[in-house]
Amino acid sequence: MFLEIVTPEASIFQGEVDSVTVPGVVGEFQILNNHAPIVSLLQEGKVRINGNLTIPEAYESQFSNGDNGSKVLKINSGTIEMSDNKIIILVD
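Residues numbered from 1 in each chain as written. Predicted model: local features only at pLDDT ≥ 70, side-chain atom pairs only at ≥ 80, totals over all residues. Heavy atoms only, no water.

1. With respect to unusual backbone geometry
Trans peptide bonds make up the majority, and among non-glycine residues the majority have a negative phi.
Move 1: The backbone of Asn34 sits at a positive phi, close to 65 degrees, despite the residue not being glycine.
Move 2: Relative to the helices and strands, Asn34 is located in the loop between β4 (27–32) and β5 (38–42).
Move 3: Located in the positive-phi region is Asn68, a residue other than glycine, with phi close to 55 degrees.
Move 4: Within the secondary structure, Asn68 is located in the loop between β7 (63–65) and β8 (71–75). (Helix = DSSP H or I, 4+ residues; strand = E, 2+ residues; numbered from the N terminus.)

What follows is the structure, encoded as structure tokens:
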């Protein structure tokens, strides 16, 4: 599935991923391929991305390494939308 992460300054990641785990306002949840369409608010926490990822060099410093080769992005808040195997995360 395709993931795009957008901040107020720039689109910091675009690419194919295996799964994404996000901090929803009522708890953490994971999105896998063919997930049902969803729109949700996100709270402060960590976005965990799994897959064979290539982070643009200009934005590598915003991501840290997680377990099993995952990448982690700390956020203050945001919104996530999943539809037709495309995820867009708007983060603050």
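After presenting the structure, the write-up continues.
2. Quick word on the side chain of Thr7
Move 1: Structurally, Thr7 is set in the loop between β1 (2–6) and β2 (11–16).
Move 2: Excluding residues within four positions of it along the chain, Thr7 makes contact with Ile12 and Val91. (Contact = heavy atoms within 4.5 Å.)

3. Side note on the nonpolar core
Move 1: In terms of nonpolar packing, the biggest core is built from 23 residues, with Leu3, Ile5, Ile87 and Ile89 touching the most fellow members.
Move 2: Where this core is concerned, the elements lending two or more residues are β1, β2, β3 (19–24), β4, β6 (45–50), β8, β9 (78–83) and β10 (86–91).
Move 3: Counting residues per element, this core draws most heavily on β10, which supplies 3 residues.
Move 4: Those residues in contact with Ile87, other than ones at most four positions away along the chain, are Met1, Phe2, Leu3, Glu4, Val20, Ile31, Ile80, Glu81 and Met82. (Core = buried A, V, L, I, M, F, W, Y, C linked by side-chain atoms within 4.5 Å. Buried < 20%, exposed > 50% of the residue type's maximum accessible area, 1.4 Å probe, protein only.)

4. Let's talk about the pairing of β9
Move 1: Only one face of β9 is covered, namely the face carrying Gly78, Ile80 and Met82; the face carrying Thr79, Glu81 and Ser83 is uncovered.
Move 2: Where β9 lies against β10, 6 bridges are found, and the strand directions are antiparallel. Across the sheet, residue Met82 finds its bridge partner in β10, namely Ile87.
Move 3: With antiparallel pairing between neighbouring strands as the criterion, β9 and β10 make up a hairpin whose turn holds 2 residues, including Asp84 at a positive phi of roughly 55 degrees. (Pairing = 2+ DSSP bridges.)

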